[in-house]
Amino acid sequence: MKGVRAMRELCSATRLRAQFVKELLSVLRDPKSRMVVFVPPVLQLLVFAFAATLEVRNVDIAVYNQDAGRWSHELVQRVHSAQFVARMRHVQSRQQLRALIDDGAVIAALDIPADFSRTIAAGDSARVQVLVDGRRSNSGQITVAYLSSIAADVGAEAVPDAQPAAPVVVRNAFNPNLTYRWYIVPGLTGILALFSALLVTSLSIARERELGTFDQLLVSPTSTPEIIVSKSLPALAIGTALGVSMVAAAVVVFGIPFTGSFVLLLASLMLFILSVVGIGLTISALSMTQQQAILGAFAIGVPAVLLSGFATPVENMPLVLQWLAQAIPLTHFLVIVEGSFLAALPPGVVVGHLWPLAVIALVTLTMATAFIRGRLQ
Amino acid sequence: MSAAGGRAAAAAAPGPRRFDWRRLRALVHKESLQALRDPSTLLIAFVLPLVLLLLFAYAVSLDAKNVRIGVVLESDGVSARSLAAAFCATRYLEVRLAHDRREVAGRLTAGELRGFVVIAQDFEQRLARRDTQPLVQIVTDGSYPNTAKYVENYARGVVQGWRAALDAGAPAQAVTLEPRYWFNPELASRSALVPGAIAIVMTIIGTMLTALVVAREWERGTMEAVLSTPASVLEILIGKLLPYFALGMVSTLGAAALAVFVFDVPLRGSLFALLLLAAVFMIPALGQGLLVSTLARNQFLASQIALFSGFLPAFMLSGFLFEIDAMPAPIRAITWAIPARYFVSSLRTVFLAGDVWAVFTPDLLAMGAIGFVFFAFARRATRKDLQ
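Since the structure is predicted, the reported quantities are computational estimates derived from the model, not experimental observations.

## Side note on the overall build of chain A
Here comes step 1: Helices and strands together make up the secondary structure of chain A, namely 14 helices and 5 strands.
Here comes step 2: At 28 Å, chain A has a C-alpha radius of gyration far larger than the 21 Å of a compact globule built from 377 residues.
Here comes step 3: By its C-alpha atoms, chain A is 100 × 45 × 40 Å across when sized along the principal axes.
Here comes step 4: Considering chain A as a whole, with its 377 residues, one finds that 47% of them fall into the buried category.
Here comes step 5: Considering only intrachain contacts with a sequence separation of at least 6, the fraction spanning at least 24 residues in chain A is 79%.

## Thoughts on the pairing of strand 4 (residues 136-141) of chain B
Here comes step 1: Of all 6 residues making up strand 4 of chain B, 5 are buried, and the element is well covered by its neighbours.
Here comes step 2: The pairing of strand 5 (residues 168-173) of chain A with strand 4 of chain B spans 6 bridges and is classified as parallel. When the sheet's bridge partners are listed, Ala173 of chain A is paired in strand 4 of chain B with Asp141 of chain B.
Here comes step 3: Where strand 3 (residues 115-119) of chain B lies against strand 4 of chain B, 4 bridges are found, and the strand directions are antiparallel. Bridge pairing in strand 4 of chain B places Gly115 of chain B opposite Thr140 of chain B.

## Remarks on the domain arrangement of chain A
Here comes step 1: Here the domain parsing of chain A yields domain 1 (26-52 + 176-376) and domain 2 (59-158).
Here comes step 2: Between the C-alpha centres of domain 1 of chain A and domain 2 of chain A the distance comes to 47 Å.

## Focus: the nonpolar core
Here comes step 1: Ala109 of chain A together with Val117 of chain B are the most contacted members of the largest nonpolar core, which totals 234 residues.
Here comes step 2: Per-element tally for this core: the top contributor is helix 8 (residues 189-220) of chain B, with 18 residues.
Here comes step 3: Setting aside anything within four residues of it in sequence, one finds Ala109 of chain A in contact with Ile61, Ala62, Tyr64, Leu97, Leu100, Ile101 and Leu131 of chain A.

## Here we look at the interface of chain B and chain A
Here comes step 1: Counting from both sides, the interface comprises 96 residues of chain B and, opposite them, 98 residues of chain A.
Here comes step 2: When grouped by side-chain class, the residues that make up the side of chain B that touches chain A number 60 nonpolar, 22 polar and 14 charged.
Here comes step 3: As paired strands, strand 4 (residues 126-133) of chain A and strand 5 (residues 175-182) of chain B are joined by 8 bridges and run parallel to one another. Along strand 5 of chain B, the bridge assignment pairs Val132 of chain A with Tyr181 of chain B.

## Things to note about the sheet that holds strand 4 of chain A
Here comes step 1: Strand order in the open sheet formed by 5 strands is 2(A)-1(A)-3(A)-4(A)-5(B), and the pairing between neighbours is mixed. At either end of the open sheet lies a strand with only one pairing partner, and these are strand 2 (85-90) of chain A together with strand 5 of chain B. The sheet shows a mean angle of 25 degrees between the axes of neighbouring strands, taken without regard to direction.
Here comes step 2: Two elements, strand 3 (residues 108-112) of chain A and strand 4 of chain A, share 4 bridges in a ladder whose sense is antiparallel. Pairing of Asp111 of chain A across the sheet is with Gln129 of chain A, part of strand 4 of chain A.
Here comes step 3: Sitting on the sheet, helix 4 (residues 94-102) of chain A touches strand 1 (59-65), strand 2, strand 3 and strand 4 of chain A together with strand 5 of chain B, and the angle it makes with strand 3 of chain A is about 165 degrees.

## Thoughts on unusual backbone geometry
Here comes step 1: Positive phi values are uncommon outside glycine, yet Ala344 of chain A reaches one of about 50 degrees.
Here comes step 2: Note on placement: Ala344 of chain A falls in the loop between helix 13 (329-343) and helix 14 (347-376).

## A short note on helix 5 (residues 101-110) of chain B
In an α-helix, one full turn covers 3.6 residues, which means residues spaced three or four apart are oriented alike.
Here comes step 1: All of the buried residues along helix 5 of chain B are Val104, Leu108 and Thr109 of chain B. Summarising the axial view, the buried residues of helix 5 of chain B lie within an arc of 145 degrees, below the 170-degree limit, and thus occupy one face. Set apart from the buried face of helix 5 of chain B by more than 90 degrees, the exposed residues are Arg102 and Gly106 of chain B.
Here comes step 2: Packed against the buried residues of helix 5 of chain B are strand 5 and helix 13 of chain A together with strand 1 (67-73), strand 2 (93-98), strand 3 and strand 4 of chain B.
Here comes step 3: Where helix 5 of chain B ends, the next residue or the one after it, Gly111 of chain B, has phi of about 85 degrees, a positive value.

## Here's the deal with the packing of helix 7 (residues 180-211) of chain A against helix 13 of chain A
All names here are of chain A.
Here comes step 1: Interhelical geometry of helix 7 versus helix 13 gives an angle of 140 degrees and a closest axis separation of 9 Å. In terms of orientation, helix 7 and helix 13 fall into the oblique class. Crossing hand, helix 7 versus helix 13: right-handed. Facing helix 7, whose interface residues are Trp182, Tyr183, Pro186, Gly187, Thr189, Gly190, Ile191 and Leu194, helix 13 presents Leu330, Phe333, Leu334, Val337, Glu338, Phe341 and Leu342.
Here comes step 2: Its residues assigned to classes, the contact of helix 7 with helix 13 comprises 11 nonpolar, 3 polar and 1 charged.

Rules and cut-offs
- Residues numbered from 1 in each chain as written.
- Chains lettered and ligands numbered in written order.
- Predicted model: local features only at pLDDT ≥ 70, side-chain atom pairs only at ≥ 80, totals over all residues.
- Helix = DSSP H or I, 4+ residues; strand = E, 2+ residues; numbered from the N terminus.
- Rg over C-alpha atoms; globule rule 2.2 N^0.38 Å.
- Buried ≥ 20, exposed ≤ 12 C-beta atoms within 10 Å, placed from the backbone.
- Contact = placed C-beta atoms within 7 Å.
- Pairing = 2+ DSSP bridges.
- Domains from an automatic or database assignment.
- Core = buried A, V, L, I, M, F, W, Y, C linked by C-beta atoms within 7 Å.
- Nonpolar A, V, L, I, M, F, W, Y, C, P; charged D, E, K, R; others polar.
- Axes fitted to C-alpha atoms, helices over the stretch in contact; angles between N-to-C directions.
- Arc of directions from axis to C-beta.
- Parallel < 35°, antiparallel > 145°, perpendicular 65-115°, else oblique.
- Left-handed = near helix turned anticlockwise from the far one by under 90°.

If you want it as structure tokens, here you go:
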């Protein structure tokens, strides 16, 4: 009895290896597929790293200056020479100002009243109306913040004995200049690896089912766990390789400081990919066609990215969504990868986010196994 | 298989066949049934928009609140404690008091706090001196730059407000700005994000779904079988694309209705303009899907290419999350080729501003032109491979 079981285990190891090779080949044999699995994610990392910025640059500003005095001239000059402004549009009426905002030609428009310089000379507070394009609400707010600091500088020059405006000193830990790229690149690593692994695995069973070869697999001596393992390993290998190369690109190409433990990050990456593979296989086990599998992967993947805290912090979300976010592998991996790059995340914290990943992987892989078996009967 | 393809090309060569409406109707009918019977189509066209709008309404709020920060109170003075109380009183910060900065530094690293404010031991002296010496130190978690900026601005505001209340007689600022946000006075980021949700769903339906459906026909070899029937290439393509065009339009209408009636997003432009924009956006979206499937010819490749050439650029480069003006010049050049960019710009206008044809016209022309290029390439790729 014991001998038979040992034999079966031995056999299954050989079978597993054969299947692993077969699965890996089925994804990577075709040169087109090989290219499509590795090249676009790395290209996307390069493009998106530069695209994703929440700063405001190269915007056009309109000015309707009704004041001929010194201070309005000073204000307009300073705005004109500010780094974030590409072009200044001088207009002669309020209608033109509004038209420029309506057409989206400028993001903000200054409306300087005729008594601007006189009011300042009289020691009062002069007001400038700023019309902002609310369609670009986020950039609009940032533009107003930039303009306000210019206005404060002009004010300080006009009334030199006023109190200092900034009674605080600010230090940004881990990322002194708040370089947005240092945040976005590690995060993108997780997102791109997630989508690649999710698509590769969600298609794996569904493709065989659609082509009819899955029935052949089911009547072969292969057991269900073996199918799951052999379908998981190639995606795990591809996803990890992709993740590692993107981490390397982050360090080498983008020069982002890596302060944490690489070994821990690698372990987290593999566990993260494994939990994504579990989700992908569950989708695949439930799908009858490749189309269902891919659309299912999107229906899960897109909301997952939005809930993960990449775009906006999880703690800003309602409580129910915060709980839901805990069930998303990317949420935990983002904390680990951002912390490993910039904040030298202590191993204790990493482990605190590793066990949820392990639980997700275990649950989803079990679900995938169960659903395949459900279809077997 | 190649024999069938050869025959189809030979039959197509003598001249274009007559366009037959009955054949087209039959093809559309067949494709529509196929699309509607698949639950995954309905999932993407109706459930995903709902989920996205819900998330944009409640989860993806760009307006931070309840940000956890620490306040390190090293001084026992009355003023120091009153400043700490001012921090505790704000709605937007969740304050944890501490007396030693070592207590909070570890929490900052672990991500439990997004920043902390140090009210130093000599705070009372600093306050009394009234020079340019800083009163307090603000430390933020720079690994999340957005939140860090928010913490800085908010903490600075609290300190300034608290100090202004101390000496009310101080001169006011000489220049003050009065910002007025047009179209979106409450600055609800939800209103700005809805167009993004529609653009994403339309990209998935137009590009991803079409790429898959056509790639499946190539993969199974049924495309060549269909091409060898009396139906012309034009009829077959229209028959394939029309149901997905309709699906995209219905999905847009549904998403717009949800946005307006459930999530209180205004629709200041006309419904006609919205539908026109959506219809014209479907041209490049479907064209891209067709091109991808013709190049890939299997569903795995098609899905990967559609993901990286259609979906992710629509997400990252369309300007709905990240400002295009702020991107470096080469990437700004890439965005000119992304149809979602024009769609997002016009959608924002039609929802928040109204019918501004000065915005719509160039966007419509650009989307049409890109669509034309995609279809031309797809046609060339189809013809070449059949010969």
